[in-house]
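# Observations on the three-dimensional arrangement
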Amino acid sequence: MPVITLPDGSQRQFDRPISVAEVAANIGPGLAKAALAGKLDGILVDTSTVIDYDAKLSIVTDKDPDGLEIIRHSTAHLLANAVQELFPDAQVTIGPVIEDGFYYDFAYKRPFSTEDLAAIEKRMAEISAKDLKVHRRVMPRDEAVAHFKKIGEHYKAEIIGAIPAGESISLYGQGDWEDLCRGPHVPSTGKLKAFKLMKVAGAYWRGDSRNEMLQRIYGTAWANEKQLKEYLTRLEEAEKRDHRRIGRELDLFHLQEEAPGAVFWHPKGWTLFQQLIAYMRERQTAAGFQEVNTPEVMDRELWVKSGHIATFGENMYLTQTPDERTYALKPMNCPGHIQVFKQGLRSYRELPLRFAEFGKVHRYEPSGALHGLMRVRAFTQDDAHLFCTPDQITEESVKVTQLILGIYRDFGFEDVRIKFSDRPAKRVGSDEIWDQAEAALRQAAAAAGIETTLNPGEGAFYGPKLEFVLRDAIGRDWQCGTLQVDFNLPGRLGAVYVGEDSQKHTPVMLHRAMFGSLERFIGILIEHHAGKLPTWLAPVQAVVMGITDRQDKYCLEVAENLRNQGVRVETDLRYEKVGFKIREHTIKRVPFLLVAGDREVEGRTLAVRTRGGKDLGSLELVELTALLCDEVASRGRLVLEDRVSQRRSA
RNA sequence: GCCGGCUUAGCACAGUGGUAGUGCAACGGUUUUGUAAACCGUAGGUCGGGGGUUCGAAUCCCUCAGCCGGCACCA
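A brief report on the enclosed structure follows. Here the structure is a predicted model, which means the values were calculated and not measured.

### Considering the overall build of chain A
Per the secondary structure count, chain A includes 21 helices and 35 strands. With the C-alpha coordinates of chain A rotated into their principal frame, the extents come out at 85 × 75 × 55 Å. For chain A, the proportion of its 650 residues judged to be buried stands at 50%. The long-range fraction of contacts in chain A, counting pairs at least 24 apart against all pairs at least 6 apart in sequence, stands at 67%. Accessible area for chain A stands at about 31,300 Å²; split by element, carbon and sulfur atoms hold 50% of it. For chain A, the separation between the mean place of its 86 positive charges and that of its 93 negative charges on side chains is 2 Å.

As structure tokens, then:
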């Protein structure tokens, strides 16, 4: 006779085997109605699951993250059901839950159109309205393979065929429709109410571009209409942060057809770019890096030796010149830095040598990969290569890791994850060397006290890497920094140093980037801040404006004064109402709007308004300058707005 | 690169076979103005490029390019 222990510790005894749904009903009619599934001894099960032994059970409802996941999974089934009713010869493949929703891939003779999508969504609502009971049955693997082959579901048959023989397969469905699935699912289709189909797209079968392309339908599903609406609003908000849109609105940069994937930086955007470089230069110089600069165009043979041609030849730009030689535009800076290292005979006493370069690289990325500043064909890396002895790897890696994390903090990114990527299938160097490199990097990560997650097979072709992934204001992850241990390239390109033993040795090379790509990092910053860049980065930090032309002279004087203190300031002396000017510069996300009327001229002050719309009242010019400079120098840790507000309230 | 969609004035968009439009911006004028849009007027387009169908193409067809959403790729 089963004794069921509920999450609050209470126990209920039953005199016969009992289903999850019955337990829920025994607790209360409200819960019976809300039950989507059960968690039986930690495992999710259907509400129809019968329990005939003592167990711990919690009832899963749509308030649970597990419940939402089940809703999404069942909605994916609902989608497949609707598609097969409307398009009987469409074959089902896979339909997993993803963040905020689900997708389902179908094999069909033609792509689905947006009209099809509307029709499918309508049919889904109809099936939901019928509140069909979701049923489950189990059959042996081989029988399941035969069954799916018989009904013309060849992809499903292939998937099941990969499951070990002898195992049983569960089938879930509603009405006449059925699909292979591990479950669990909601008890009936009526539980699926708040969903929306989002888009159709092509996707390769089994994620391999050599396979045929399937039709993927993406959808979102939520516990209720309110959540769905909130999600759609969130998408709209994210769209407003799009760096491509803000880049145009703020006149930062543009892209055009003649140069796909290459950026035309406008004065304001380039100011931001230069701020990042100045900042990075300061930080890395303090950390013992020396800046170098190496050619953008070098003989193709160098890239054959390095192994880049073999691995990435298809993605490199080659030049045609009147001479007989073929040159390549550099896709990376490492071989250039190795050439600098190789000049003269290096001694172990010089190591570690740390060469840094703001190197502009060109990569012929697949056309479909290009995306604003985030994925371009010409970009600037804040690249560096550390040449060291094997003994120095750990210490240098720890220092680089700390530098990277410190830099992210200055930009307001506190939430950073680190991935460890080990040897890829396509690589150079022996397994022994890879064993050594991976062990060295693992040890370095441990010494730095950081936690990493494994990213199997994702290392560079010459070495394993740590990837620094930062999370932005709306929860998206961006891979930026990287630290790679390389036992291969220095040897391939003939770099040596003389050791303590007077013998020649090959140095180990550490590759590191912190922003990764300056272009991309700017894109991330724009989206993270929705264009409201911190004052220390803003291309224009303040605009001085008068109310009438009586204040013109004073405005110019104030601006000059601020400019002399290093503030990036503009004046707006147009013959317009102050409200109009405020609106324009607020839209341009200028941090501080400084207004001068007759009162301010007389008192040598400025009325200060923030882009957030806050009126900070009048401040004396000297005081304002000091506060502004503090905010910039502290990189936003001393906030003008907060300091003024605090003082006013004190 | 693959699948689908899109490309009309500086920007956002309307126009589905019969004389290319609206709003904002721009330019000219009037308004001297106190914190998110003053008013009036003017100009601006080989409708992404090329080819075809048609008496006639922004509109239909072919092709190339770019962009957008996915997939694949990402040293």
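Structure's up, so let's keep going.
### Comments concerning the sheet that holds strand β25 (residues 452-455)
Read from one edge of the open sheet, eight strands run β18-β22-β23-β30-β27-β26-β24-β25, paired in mixed fashion. Looking at strand neighbours, the two that pair on one side only are β18 (290-291) and β25, the edges of this open sheet. Pairing of β18 with strand β22 (residues 353-362) involves two bridges; the strand directions are parallel. Residue pairing for β22: Q290 is matched across the bridge by F355. Here helix α9 (residues 267-286) sits on the sheet in contact with β18, β22, β23 (378-388) and β30 (508-517), set at roughly 145° to β30.

### Topic: the pattern of salt bridges
Scanning the model with the defined rule gives 50 salt bridges in all. Residues E126 and R123 are paired through a salt bridge, measuring 3.2 Å at the closest nitrogen-oxygen approach. Taken together, the residues span about one helical turn, with E126 and R123 both in helix α4 (residues 114-130) at a distance of three residues. For E126, a relative accessible area of 35% translates into the label partly exposed. Look at R123 and you get partly exposed, because its relative accessible area is 24%.

### Let's talk about the sheet that holds strand β4 (residues 37-40)
Read across the sheet, five strands follow the order β2-β1-β7-β4-β5 without closing on themselves; strand pairing throughout is mixed. In this open sheet, the two edge strands, each paired with only one partner strand, are β2 (11-13) and β5 (43-45). Adjacent strand axes in the sheet meet at a mean angle of 35°, parallel and antiparallel pairs treated alike. For strand β1 (residues 3-5) and strand β7 (residues 55-60), the ladder comprises two bridges, and the chain directions are parallel.

### As for the protein's contact with RNA strand B
Around RNA strand B, the structure places 54 residues, and the nearest of them are Y204, M332, S367, Y575 and R583. A share of 50% is what sugar and phosphate atoms reach among the atoms of RNA strand B within 4 Å of the protein. Here a phosphate oxygen of RNA strand B sits 2.4 Å away from a polar atom, N or O, in the side chain of S367. A distance of 3.3 Å separates a base oxygen of RNA strand B from a polar atom in the backbone of R599. Contributing elements (two or more residues each) for the surface near RNA strand B: β14 (194-204), β15 (213-222), α8 (243-249), α11 (308-312), α18 (578-587), α19 (598-603) and β34 (605-610). At seven residues, α18 tops the list of elements feeding residues into the surface near RNA strand B. When its residues are assigned to classes, the surface near RNA strand B shows 23 nonpolar, 14 polar and 17 charged.

### Notes on the environment of D116
Turning to its location among the elements, D116 is positioned in helix α4. With a relative accessible area of 11%, D116 lands in the buried category. C-alpha separation for the pair D116 and V83, spaced 33 residues apart in sequence, amounts to 9.1 Å. Setting aside chain neighbours within four positions, we find D116 in contact with F87, R110 and P111.

### Considerations on the state of the cysteines
With the rule as written, the count across this model stands at zero disulfides. Distance from the sulfur of C480, which forms no disulfide, to the nearest cysteine sulfur (C334) is 19 Å. Here C480 falls in the buried class, since its relative accessible area comes to 5%.

Conventions adopted
- Residues numbered from 1 in each chain as written.
- Chains lettered and ligands numbered in written order.
- Predicted model: local features only at pLDDT ≥ 70, side-chain atom pairs only at ≥ 80, totals over all residues.
- Heavy atoms only, no water.
- Helix = DSSP H or I, 4+ residues; strand = E, 2+ residues; numbered from the N terminus.
- Buried < 20%, exposed > 50% of the residue type's maximum accessible area, 1.4 Å probe, protein only.
- Contact = heavy atoms within 4.5 Å.
- Areas by Shrake-Rupley, 256 points an atom, 1.4 Å probe, with all protein chains shown as cover.
- Lys, Arg positive; Asp, Glu negative; His and termini not counted.
- Charge placed at Lys NZ, Arg CZ, Asp CG, Glu CD.
- Pairing = 2+ DSSP bridges.
- Axes fitted to C-alpha atoms, helices over the stretch in contact; angles between N-to-C directions.
- Salt bridge = Lys/Arg side-chain N within 4 Å of Asp/Glu carboxyl O.
- Near = heavy atom within 4 Å.
- Polar contact = N/O pair within 3.5 Å; in protein donor to acceptor, adjacent residues only side chain to side chain.
- Nonpolar A, V, L, I, M, F, W, Y, C, P; charged D, E, K, R; others polar.
- Disulfide = S-S within 2.5 Å.

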